[in-house]
Each structure stands twice: as structure tokens, then as C-alpha cells.
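In case you want the letters, here they are:
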Amino acid sequence: MSNTEAAEGRELSEGAQTLLKNLQEMLNEEKWTRAALSNYSTNQFEELDVILKNARNEKVLDELKKYCDDHLSHTRNSIIALYLSGTVALSRQIIDDSAMINLVTIFQEKSKWPIVKYLCERILDYGESKYALRILADCYKNENKEEEMYGIWERLVKADFDEADIAKSLAEHYDKLKKKDEAIDYYKKALHRYINKAQFPNVREIWEKLINLNIEDIDFFLHIQKKIAKNISEDKTVTLLNELYAKYKEIDIDTSINILKFVLEYDEKDVHGRREIIECFRKKYAEHSQLEEYIRISNLLQNYRAVHQAISDFEKHIAFDKGNFVYHRTWGVGRISGIQGDEIRIDFAKKRGHSMSLKMAVDSLQTLSKDHIWVLKATKKKDELREKIKAKDKNDENIIWTLKTIIKSFPGSCDMKRIKAELSPALLTSGEWTTWSGRARDILKSNPEFGVSSDNNDIFTVRDRPISITEKYYNEFNAQKNFFDRASVIRDFVSNKNTEPDSEYFTEMLSYFTSLLRPSGQNQEYAAASFLLINELAANKNYSQLKSALTVSFADIFAGLGDVSVLFSSLKDAKFKEEFLHNVKLHISDWPSVYIKLFPISLMPSIITHLEKEGHAGKLTVMCNECFDRFRDNREAVVWLHNNSAKTDWFKAANIGYEKQIITLIHILDITYRDIENHKDTVENRKVNKQVYNILFKNGELASFLDEADEDTIIRVFTFINDVKDLDPQDKLNLRSKILDKHPGFKFFGDEEKIVSRGLMVTQAKYEEKKKQLAHIMDEEVPANSKEIEYALSLGDLRENAEYKAAKEKQEQLNSQVAKLKEDMERAQLFDPNSVSATRVSFGTKVVLRNESEGKQEIYTILGPWESDPNNNIISYLSPFGSAILNKTVGERFEFAINEGKISYEVESITPAEI
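Residues numbered from 1 in each chain as written. Predicted model: local features only at pLDDT ≥ 70, side-chain atom pairs only at ≥ 80, totals over all residues. Heavy atoms only, no water.

**Thoughts on the overall build of the chain**
Part 1 of the argument: Secondary structure summary: the chain contains 44 helices and 14 strands in total.
Part 2 of the argument: Each of the three principal axes of the chain carries a C-alpha extent, and together these read 130 × 105 × 50 Å.
Part 3 of the argument: Counting all 915 residues of the chain, 47% fall into the buried class.
Part 4 of the argument: Entry remark: accessible area of the chain is about 47800 Å², with carbon and sulfur atoms responsible for 46%.
Part 5 of the argument: One finds the centroid of the 131 positive side-chain charges in the chain at a distance of 4 Å from the centroid of its 148 negative side-chain charges. (Helix = DSSP H or I, 4+ residues; strand = E, 2+ residues; numbered from the N terminus. Buried < 20%, exposed > 50% of the residue type's maximum accessible area, 1.4 Å probe, protein only. Areas by Shrake-Rupley, 256 points an atom, 1.4 Å probe, with all protein chains shown as cover. Lys, Arg positive; Asp, Glu negative; His and termini not counted. Charge placed at Lys NZ, Arg CZ, Asp CG, Glu CD.)

**Quick word on the sheet that holds strand 10 (residues 845-851)**
Part 1 of the argument: Overall, mixed pairing links the five strands, which are arranged 12-11-10-14-13 in an open sheet. Strands at the two margins of the open sheet, each flanked by one partner only, are strand 12 (874-876) and strand 13 (893-898). If you compare each strand with its neighbour and ignore which way they point, the axes differ by 45 degrees on average.
Part 2 of the argument: Sheet analysis places strand 10 next to strand 14 (residues 901-912), joined by seven bridges and oriented antiparallel. Paired with Thr845 across the two strands is Pro912, which belongs to strand 14. (Pairing = 2+ DSSP bridges. Axes fitted to C-alpha atoms, helices over the stretch in contact; angles between N-to-C directions.)

**Side note on the pattern of salt bridges**
Part 1 of the argument: Scanning the entire structure with this criterion turns up 55 salt bridges.
Part 2 of the argument: When the shortest N-O distance is used, the salt bridge between Glu279 and Arg282 registers 3.0 Å. Of this pair, Glu279 and Arg282 both sit in helix 16 (residues 271-284), three residues apart, which is roughly one turn of the helix.
Part 3 of the argument: Judged by relative accessible area, which is 38%, Glu279 ranks as partly exposed.
Part 4 of the argument: For Arg282, a relative accessible area of 25% corresponds to the partly exposed category.
Part 5 of the argument: Here Asp396 and Arg439 are joined by a salt bridge, their closest N and O atoms 2.5 Å apart. Here Asp396, found in the loop between helix 21 (382-389) and helix 22 (397-409), pairs with Arg439, found in helix 24 (residues 430-446); they are 43 residues apart in sequence, far enough to count as distant.
Part 6 of the argument: By relative accessible area, Arg439 is classed as partly exposed at 35%.
Part 7 of the argument: Three or more residues joined by partner-sharing salt bridges are found here, namely Asp49, Arg122 and Asp125. (Salt bridge = Lys/Arg side-chain N within 4 Å of Asp/Glu carboxyl O.)

**Brief notes about helix 3 (residues 42-57)**
Part 1 of the argument: Helix length check: helix 3, at 16 residues, gives a terminal C-alpha distance of 23 Å against a target of 22 Å (1.5 Å per residue), a fit within 8%.
Part 2 of the argument: Buried residues belonging to helix 3 abut helix 1 (14-29), helix 4 (61-72), helix 5 (79-91), helix 6 (98-109) and helix 7 (113-124).
Part 3 of the argument: Just downstream of helix 3 lies Lys59, where phi reads positive at about 60 degrees. (Expected span 1.5 Å × (residues − 1). Contact = heavy atoms within 4.5 Å.)

**Looking at the environment of Glu476**
Part 1 of the argument: Along the chain, Glu476 falls in helix 25 (residues 469-479).
Part 2 of the argument: Each C-alpha atom, one on Glu476 and one on Asn457, is 5.9 Å from the other, the two residues being 19 residues apart in sequence.
Part 3 of the argument: When residues no more than four places from it in sequence are discounted, the contact partners of Glu476 are Val452, Asn457 and Val489.

**Some thoughts on the nonpolar core**
Part 1 of the argument: Counting residues in hydrophobic clusters, the biggest one holds 123 residues, and the most contacted among them are Phe45, Leu64, Tyr83, Phe107 and Leu244.
Part 2 of the argument: Among all residues touching Leu64, those that are not within four sequence positions of it are Leu19, Leu20, Leu23, Ile51, Leu52, Ala55, Leu84 and Val88.
Part 3 of the argument: With 95 residues, the next largest nonpolar core counts Leu537, Leu571, Leu611 and Leu665 among its residues. (Core = buried A, V, L, I, M, F, W, Y, C linked by side-chain atoms within 4.5 Å.)

**With respect to the layout of surface pockets**
Part 1 of the argument: Roughly 1700 Å³ of volume is contained in the second largest pocket.
Part 2 of the argument: Considering the residues around the second largest pocket, the lining is formed by 47 residues, among which Arg92, Gln93, Ile94, Leu586 and His587 are closest to the centre.
Part 3 of the argument: Mapped by element, the contributors of at least two residues to the lining of the second largest pocket are helix 4, helix 5, helix 8 (130-142), helix 28 (524-538), helix 29 (554-559), helix 31 (574-587) and helix 32 (591-602).
Part 4 of the argument: When residues in the lining of the second largest pocket are grouped by element, the largest group, six residues, is from helix 31.
Part 5 of the argument: The residue inventory of the lining of the second largest pocket, partitioned by class, reads 20 nonpolar, twelve polar and 15 charged. (1 Å grid on protein atoms, 1.4 Å probe; cavity = no way out; pocket = protein on both sides within 12 Å on 5 of 7 lines; lining within 4 Å. Points joined across faces, edges and corners; volume = space filled by probe spheres on them. Nonpolar A, V, L, I, M, F, W, Y, C, P; charged D, E, K, R; others polar.)

**Here we look at the confidence of the model for the chain**
Part 1 of the argument: Summarising the model, the chain shows a mean pLDDT of 88, and 95% of its residues fall at 70 or more.
Part 2 of the argument: Here residues 1-9 scores under 50 on pLDDT; set against residues more than four positions off or in separate chains, the count is 18 contacts.
Part 3 of the argument: Low confidence marks residues 751-758, where pLDDT is under 50. Its contacts with residues over four positions away, or in another chain, come to ten contacts. (pLDDT = per-residue confidence, 0-100.)

**A look at unusual backbone geometry**
Glycine aside, residues mostly have negative phi angles, and peptide bonds mostly take the trans form.
Part 1 of the argument: Cis geometry is found at the peptide bond from Ser424 to Pro425, where omega equals 10 degrees.
Part 2 of the argument: Within the secondary structure, Pro425 is located in the loop between helix 23 (416-423) and helix 24.
Part 3 of the argument: Phi angles above zero are rare outside glycine, and Lys178 is one such case at about 65 degrees.
Part 4 of the argument: Turning to its location among the elements, Lys178 is positioned in the loop between helix 10 (165-176) and helix 11 (180-197).
Part 5 of the argument: Among the residues examined, Lys178 registers a relative accessible area of 73% and is labelled exposed.
Part 6 of the argument: A positive phi is found at Asn887, a non-glycine position, where the angle reads about 80 degrees.
Part 7 of the argument: Here Asn887 is to be found in the loop between helix 44 (880-885) and strand 13.
Part 8 of the argument: Accessibility expressed as a relative area gives 23% for Asn887, which makes it partly exposed.

**Let's talk about the state of the cysteines**
Part 1 of the argument: Within the structure shown, the criterion is met by zero disulfides.
Part 2 of the argument: Left without a disulfide partner, Cys120 is nearest to the cysteine sulfur of Cys139, which lies 5.6 Å away.
Part 3 of the argument: Residue classification places Cys120 among the buried positions, given a relative accessible area of 0%.
Part 4 of the argument: Judged by its relative accessible area of 0%, Cys139 falls in the buried class. (Disulfide = S-S within 2.5 Å.)

**A closer look at the environment of Ile874**
Part 1 of the argument: One can find Ile874 in strand 12.
Part 2 of the argument: With 336 residues separating them along the chain, Ile874 and Ala538 place their C-alpha atoms 79 Å apart.
Part 3 of the argument: Ile874 has contacts with Thr861, Leu863, Glu867, Ser868 and Asp869, leaving out every residue within four places of it along the chain.

**Quick word on helix 12 (residues 200-214)**
Part 1 of the argument: In a regular helix each residue adds 1.5 Å, so 15 residues correspond to 21 Å; helix 12 covers 20 Å between its end C-alpha atoms and thus fits that length.
Part 2 of the argument: The set of residues buried in helix 12 consists of Phe200, Val203, Ile206, Trp207, Leu210, Ile211, Leu213 and Asn214.
Part 3 of the argument: Taken together, the buried residues of helix 12 touch helix 10, helix 11, helix 13 (218-231) and helix 14 (234-248).

**Side note on the side chain of Glu508**
Part 1 of the argument: Relative to the assigned elements, Glu508 resides in helix 27 (residues 504-514).
Part 2 of the argument: Of note is the side chain of Glu508, whose polar atom sits 2.9 Å from the side chain of Tyr474. (Polar contact = N/O pair within 3.5 Å; in protein donor to acceptor, adjacent residues only side chain to side chain.)

**Some thoughts on the packing of aromatic side chains**
Part 1 of the argument: Tallied over the full model, the rule gives 45 aromatic pairs.
Part 2 of the argument: Here the aromatic cluster, defined as three or more aromatic residues joined through ring pairs, consists of Phe477, Phe483, Phe484, Tyr512, Phe513, Tyr526 and Phe576.
Part 3 of the argument: A cation sits over an aromatic face here: Lys888 above Phe894, 5.6 Å from the ring centre. (Phe/Tyr/Trp six-rings, centres within 6.5 Å; stacked < 30°, edge-to-face > 60°. Lys NZ or Arg CZ within 6 Å of the ring centre and 35° of its normal.)

**Points about the packing of helix 32 against helix 33 (residues 605-613)**
Part 1 of the argument: For the pair helix 32 and helix 33, the least separation of the axes is 9 Å and the interaxial angle reads 150 degrees. As far as their axial angle goes, helix 33 and helix 32 are roughly antiparallel. When you trace helix 32 past helix 33, the crossing you get is left-handed. Residue-level contacts link Trp591, Pro592, Tyr595, Ile596, Leu598, Phe599 and Ser602 of helix 32 to Ile607, Ile608, His610 and Leu611 of helix 33.
Part 2 of the argument: Tallied by class, residues from the contact of helix 32 with helix 33 come to nine nonpolar, two polar and no charged. (Parallel < 35°, antiparallel > 145°, perpendicular 65-115°, else oblique. Left-handed = near helix turned anticlockwise from the far one by under 90°.)

**Description of the pairing of strand 14**
Part 1 of the argument: Pairing of strand 13 with strand 14 involves six bridges; the strand directions are antiparallel. Opposite Ile898, over in strand 14, you have Gly901 as the bridge partner.
Part 2 of the argument: In this structure, the hairpin formed by strand 13 and strand 14 is closed by a connection of two residues, where Asn899 is found at a positive phi of approximately 50 degrees.

**Comments concerning the sheet that holds strand 4 (residues 351-357)**
Strand pairing in a sheet relies on backbone hydrogen bonds. The paired strands run either parallel or antiparallel.
Part 1 of the argument: Reading across from one edge, 4-3-2-1-5 is the order of the five strands in this open sheet, with antiparallel pairing throughout. At either end of the open sheet lies a strand with only one pairing partner, and these are strand 4 and strand 5 (366-368). Going across the sheet, the axis of each strand differs from the next one's by a mean of 40 degrees, ignoring polarity.
Part 2 of the argument: Of the pairings in the sheet, the one linking strand 3 (residues 343-348) to strand 4 comprises five bridges and is antiparallel in character. Its bridge partner being in strand 4, Arg345 is matched across the sheet by Ser355.

Spelled out as C-alpha cells, the structure:
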């Protein structure tokens, strides 16, 4: 390679040539010996940094790296080449950092710690590196600089999501310093990571430390125990939960019961757990009048009874006690007034003193807490409850109280629909609900006392303890099952300044995407999208350490892709698509061909911009021809190019004439109509159809083109338009009129044999009348009928409901009318009065006949079945007599059979009818 050559045949400046020449001489003169290595200091690397700066200014970094890589192919330990090539690779964010690692290793083996530290810091200038951080920490350790070492360890724990031992060391360090919050944070990180490694002794050690340091954070323990059960084993999780229960037993009875339920979920035969939960129930319900009876009935004490069924039965029964509220689907809310043996008495609003057996009560009644929204509705005055619910102050206390009340009333099933059902219109008008619900949604999203279900993002929960914004995002992330929805959540997390970048919740979310980073195999679209997402998130300065999570390069992932078009279409996000294009241009040598392939399916203007800017107009010209030649597959691209690129030089170079563009658009209009009719990609085809229709008709391009065209072109183009059977007849009629205005007397192809071959010929007036009739039925009669049916249903028993039967009959009648009208209107072909020819009898003519059999004159107007009025001699061209005279000429004789007789006629005259 000569000094005057460069990538893509670029001529180098004189300064660039000199720089590369000097570099070549430096590499040739370099003598790598032990003596030379021992004489190295950071000064030499600072001089090499000057060379890099000059190469960057001269824009020859690629050439410099190639020189160094060629040199390394035969002199693998060249200090100069390793440093220059490695630094350029780092600046380009290339995953392969072997050059710098080799260089660090060389000086590390010689214990040249100042140089090792310098090299590590240079690596870290371009982003967090697990390798560089680890070596740099060793440097500070050798220098007895503990404070600096701990600082590097903190960075390493953030960059290396698997590093557990150092996280534990940091926790112990802060524990000794009595910095409790920091110690807890790092113990949690270490715990998560030891769980991932399935190292139970370490897990148990840290679990015990966290119990002593942070016993009150029960949500953390209950969350992490699920992970332990999944990654290690359920029996070991039981051991840890028993340790947690031992601490909580005297602190919080409800939490203790919850812990024991987990224990029994993992091991239902755990005798200790069963015995302890019974004691907890006795402690919690000590004042309940039927406590021991319900323990007996549920068989909680009998080990032969499945423990979960026994607990469920006990909790159903224990809710039944004097003074408690219940709900019956017919009688509504009631209150238990007494329990005597197996009999329960309940006071319902309209059925006081009602008695039923305990078994029937358990099966048919729903127990309610005194704060349940149904209880409040039943026991409080409406106006009082309305005032309690309505927003009053800036603190939104009323809204928060209402949300908590309703969500707690329906645990595990409360979404916004349920909240609305309880409030509007019963307690809030529709207008009040609109204002109230807008504020409520904001509260549910931002208030730490509310969360969402881990299974369904639409189901709300109330937290016993406020939830952090970080955990709120984590729960939302887990509730989402779709890849791109999860990507949206983690993006929101990163953009929110109140979240914790180094929390283990974030690490768990990130691990979902890093697990997909594989250069080959299934779900390559997710591998590519994961790479793009992590790369995007790492651009945030608070998350720059994420670069270290990219264990594969974009080029590796791209090489494993199948059809790049399929992958690109699967990226349901504009950010992903832009990032994908950016990386293709950055890392794929034949990026212009990839861009050309992707444009017809993406229609992204940035693709055109980059190709134009980089001088690839020729490829754009070829693409234009391919799109128009294969317009069926590239219909959206054809429309885009016609609208946005027709005036560019590269489009003009494709030699796609305006007539070809117009005809191609007409073809697209036709095939989209047909695809819509066949229910094929209906949404996409409707969109393209509307775009083409607007171009041709609303924007007037078709009319303007025909206005300047010769007669042969008009006939050719109008024939194509006339063959688009689903195009509104009025549009054809308007176009025909404009042509006749410009070319009076113009004969359209087929006019001399004007017979309706398909469809139904109608006048404009009748067509508008039918449209109004259909609109009246749809807008007035159908809604009115729906209300009639709704009212009839409210009357009860449908078997003897005359109102219901009558309303349903009316519904069938209306449906039949609508179907008939729509079918006829779809067949309708609007008649153009300007197209009437008096040379023969046809639609829109007035014909004078001589009835030779009776010796009298008869005058008829020939129209369609919609206009037919025999009493006024207006007959349909589809009637027997209309069909008989259709196409007859002046002077022509014919016979018409009627009532077993025949009448002879002669056509005396034909004139256009006045319509």
C-alpha cells in the first residue's frame, strides 16, 4: 500500500502522507527487546497520543490502523502497533480489544505499574471496561491506595454484572464504617449475583446479614426468595424463609402468615410450617367467636388434609363472624347479625333476618371488609360519599383514598374499567369522571403507594409499604410480556432521573436483553434489537458502563441474520430502525446495498439522504426502476417516490415518464381495491389506496395530465380508470365531463355500443337519494332500535316479552334494508348525461314509438329500476319492454309479446331525455 492510496481511492494530503511515512519508519526501526521494554515510560505513550491526534485531524485513522495491523501480523508484540491499533479500535467502539489487553499484559508481567495504570486509564477514556477496572484496582492495591481501590471496585461492580465477591467486599467495608445504607445496597448486589451463580453458602451468609441489617424490608426478602427457589432449590429456600419467620414471629403476624404460606407452597408436608401457621391464626383471630370451630371444620389440625385446601377453607370460614359484611348477587350487601351453631343470620336491606346454613353461606356469599366500596355504598349517604370521592385539594387526598378503597376491594382484578364501573355514573358524572380519572392515572403512575400486578400491567395494587420508583418500573417490566414493550419500560427507566442506575432491579431487567445477545440461532431480530437497545442506553452518561455488556459486535450479529428485510420490518420502533441503519453504515462495508434493500419496506427519508450525501445516486436510480417495474410488491415505495423524489436528478435518470407514473398509480389503485375486497392486508391497503386516490383525484394530477394529453393517450388512460370497478362512479363521471369540456364530441371507447354490461345504471339524483336513505337508517333508525331492544331486555323474562320480539323483528327488517341498499349502491354506475347518443335507444334517451297494432303514438323515457315510473311512461332498461327496445335505431321495427298477444312497433325518433 503506497502513501498516496487510501480507502475508496481517496487521495491523501501531503501531511497525511508524511505522517504515514514516519509511522512506517517507526515501526520498521522498533526493536522489541527486554532492555527496550524496561526503558519505556508513559512519555513514549504520550508521544504516540500526539500521532493519533494528528492522524485524526488528517482523517487517516483507518489507514494508520491498517499499517499497524499489517505490522502486528508478523511482529505481534510491537508496542507502537499494539497501542495505536488498540486505541483506534477503542475509539470506534470495536468489541475486539485484544491489542490493548496484550499491551497491558506485557507491562504487567514486567511490573511496570505506572505504565499499566496509564494504559488502563486510556482504555477507560473510551468507556467502562471490566478488564481495565480490575487491573487498575490491582495497581492501587499494590500502591496501598485503599480509598482509590474501593472507588474502582464500585465502578467495577457497576460494569460487571456478574461480580459478586467484590460487591460483598464493598458491603463489608461499608458495614465496618457503619454506613448502613451503602452496606445494605452492596449486600443486596452480592446476594443477587451469588444466586445467579447458585452459590448457596454465600447466599445464606448474606441473607443472614441482611436480616440483621434490614429486617423491615420484607418486600425485598419475599421477592428474592422466589429467585432463590428458581435458581438454587426450593428446600434451601425453605431453610432461609424459616430464619426470616423466626425474626418476624413476634413482630408482624400477617407477614409471618405470608412467610409460612411460601414455606408450605414449597413443601406442603412441612409439619413445622403447618403447626406454626395454625398458631399464627390463633393469635390473629383470638377474639373471633368461632375460631376453634373453624379450625376444626377446615381440618387444619389433620395432616391428611391437603394444607392449601385446609388454609383456604379456614380463611373462607373465619370471615364469617357477627358484625361482618357479606354480598349476595341478588340481595346485595348484608351484615351478619348472629351465628348459632351451623346457622347464620344476615340482615340484607330488603331481606332482614335471613337465615342460612354455614355451608350455604360459604358457597353463595362473598365476604366484604367494612371498608369495601360496596359496603360504603350501602351504608353511607350518596352525597356524603360523593364529597369523599371528589377531588378537593392539591394533595389529591380524596382521590388517593378512593383509589386505595376500590383497589383493596378487588385485589388482583382491579383495573381502570373496574374503578370507573364503581364510580361513574353512580357517584360521578361522565364529565366529573373525565377530570377525576386523568388525575387518578397520574397518581397511579407516580405515587409509591401504588403498584401493578407482576402478571398484568393493567391490574393495580396497593402497597403496604411505599414502593420505590425503581421497583415500580421493575414490576411494570415483568408484567409486560412483549419484547418491545419491555424495551419501552427500560428506556423510560433510564430517562427518569429518579431511578437507581446501579440497582439490582435494573440489572435484572438488563439481563433479559443480554441473554438474547447471540450472533446466531433463533430470534435474531431480538438479538439485533437487544444490541441496539443496550448501545442506545449506554449513550446516557449515567449508564455508560453498559458498553461492557455488549459481548458481541454488531458485525457478528449482522452476519447471523437471515433476510435483513424481515428483521428490519420486525423492529416495531423508529428508534430501533434509526439505530440499526446507523450501525449498518458504521460497521457493514456494503452498507449502500443494505440501505437500497431496506428503503422500499421502510420509506425512511434518512436512507435517501445518506445515499445522496455519499454519492450513490446510481444505486437510487436502479432502485427506482425496480420499484416501478415490480409495483405490486413495492406499491408504497412507488407512491413515496412519486410524491417526494420525482424532481431529483437520480429519479429523472431512471427515465420513468409521467404517463408511466400515472398508469402505475392507477394499477396500484385497482389492486388495492381488490385486496381490500378480499380482506388481504386491509389496513395497509386502505392507507395506500387513500394516498393514490388523493394524488389522482383530490390533488387533480390525473385531470391535469389528461388536460394536456392527446386523444390516444386519453383513451388509453381512461380505459385503465374505467376498468377500476370499485372506484366511485362519480369520480369516473367527473373525469369524463372534464375530458368532454376540453374535447367536445370526444368519443369514448365503447360508446357506440352503450349497454350496461355489469352493475346498475342510475342517475345522480337517485344515487344521492339512496345515500340519504341509507344514512337515515344507520344514523337514526338503527340506534333507536338498539334502545328499544335494551329497554325490552330490562323488562326481564324474554319468553313472554312482546316488546323484545317486536324490537328484534324490527332489527331484522332494518338489517335487510341496509344490506339491500349497500349491495345496490355498490353495483351502481352513475350515468353521465353528456355521454347520451341519439343514434340508438339507450339509458337516458327519450323514444317515440308508433304502435302499429293500435295505430297510436307512444312516448317512453328509458332510465333504471330506481327511476322507473310506468304511470309517467318512465321505464327501466332492465324491464321486459325496456330490454326489447334497448339498442333499437330510428326506423327499426320490432314486436313485443304481451298477454299471449303481439304488438308491432316502429321507432320514430330518439332524443336525449331531460334528466
